[in-house]
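# Commentary on secondary and tertiary structure
These are the residues of each chain, in order.
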Amino acid sequence: MHLPLPQRYMLIATFIVLFSTPLAAEDEEPLDWTTTKEKWGQLMFCQRIYKMPGVKSRLYDFDIEQCEKAGQLADDVISKYSKQRQAELRNQAERHAFMLSQNTSDPYQAVPACREYCGQLAEIRDKRGE
């Protein structure tokens, strides 16, 4: 499905706003449940669209690497919860990712926002690993 140019720009702007806050801040302050669920869901959404054949073939190697690092950071943040809370959080984050995918007519249009979001998370993970 192709969107008219103004709607494409609105979709891209929406993703940039959605993904503008990383999953975990550099100062490691604990996030509240809702924020963690939403940010993890956004990451799950990006990881899923990065695996789609129509998107994957058009990504750079660093896109996939940054998204993997972002996933490692998410795992670190989520590991601070009990196993039961982790399962609940994963379930809610997956629902959030599904909702994002339902509201995305062309997943490739989300790549710039996902690239920026995963890049921010990968940078935080790298700084923590130093």
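Residues numbered from 1 in each chain as written. Predicted model: local features only at pLDDT ≥ 70, side-chain atom pairs only at ≥ 80, totals over all residues. Heavy atoms only, no water.

### Notes on the overall build of the protein
For the record, the criterion: Only DSSP runs of H or I covering at least 4 residues are called helices, and only runs of E covering at least 2 are called strands; the numbering of each starts at the N terminus. Whether two residues are in contact is decided by their heavy atoms: any pair within 4.5 Å suffices.
Helix and strand counts for the protein come out as six helices and zero strands. Shown N-terminal to C-terminal, the secondary structure of the protein runs as helices and strands in the order α-α-α-α-α-α. Across the protein, the fraction of contacts at a sequence separation of at least 24, relative to all contacts at a separation of at least 6, is 84%.

### Considerations on the state of the cysteines
Our working rule: The rule for a disulfide is simple: a pair of cysteine sulfur atoms within 2.5 Å. Working definition: with a 1.4 Å probe on protein chains only, accessible area under 20% of the residue-type maximum means buried, over 50% means exposed, and in between means partly exposed.
Under the criterion given, the structure shown has one disulfide. Put simply, C46 and C114 are joined by a disulfide, and their sulfur atoms are 2.2 Å apart. One disulfide, between C46 and C114, carries an S-S torsion of -85° and so falls in the left-handed class. Placement of the pair is C46 in helix α2 (residues 33-51) and C114 in helix α6 (residues 111-129), with a sequence separation of 68 residues. No difference in accessibility class separates C46 from C114, as the two residues are buried. Distance from the sulfur of C67, which forms no disulfide, to the nearest cysteine sulfur (C118) is 3.3 Å.

### Description of the pattern of salt bridges
Spelled out, the test is: Salt bridges are defined as contacts in which a side-chain nitrogen from Lys or Arg sits within 4 Å of a carboxyl oxygen from Asp or Glu.
With the rule as written, the count across this model stands at six salt bridges. The residue K69 makes a salt bridge to E65 at a minimum N-O spacing of 3.7 Å. Linking K69 with E65, this pair stays in helix α4 (residues 61-78), spanning four residues, or about one helical turn. E123 is the salt-bridge partner of K127, the closest N and O atoms lying 3.3 Å from each other.

### Some thoughts on the packing of α2 against α4
Just so we agree on the cut-off: All axes here are fitted lines through C-alpha atoms, helices being fitted over the stretch that makes contact, and every angle between N-to-C directions spans 0 to 180 degrees. Throughout this description, any angle smaller than 35 degrees is read as roughly parallel, any larger than 145 degrees as roughly antiparallel, any in the 65 to 115 degree range as roughly perpendicular, and the remainder as oblique. Each helix crossing is assigned a hand: it is left-handed if the near helix lies turned anticlockwise from the far helix by less than a right angle, otherwise right-handed if that turn is clockwise. Residue polarity follows a fixed list, in which Ala, Val, Leu, Ile, Met, Phe, Trp, Tyr, Cys and Pro are nonpolar, Asp, Glu, Lys and Arg are charged, and the others, Gly among them, are polar.
Axis separation between α2 and α4 bottoms out at 10 Å; the angle between their running directions is 150°. On the basis of the axis angle, α2 is roughly antiparallel to α4. The chirality of how α2 crosses α4 is left-handed. Packed against α2, whose contacting residues are T36, W40, L43, C46, Q47 and Y50, the element α4 presents D63, I64, C67, A70, G71, A74 and I78 at the interface. Considering only residue class, the contact of α2 with α4 consists of nine nonpolar, three polar and one charged.

Worth remembering: the numbers are spatial, not functional.
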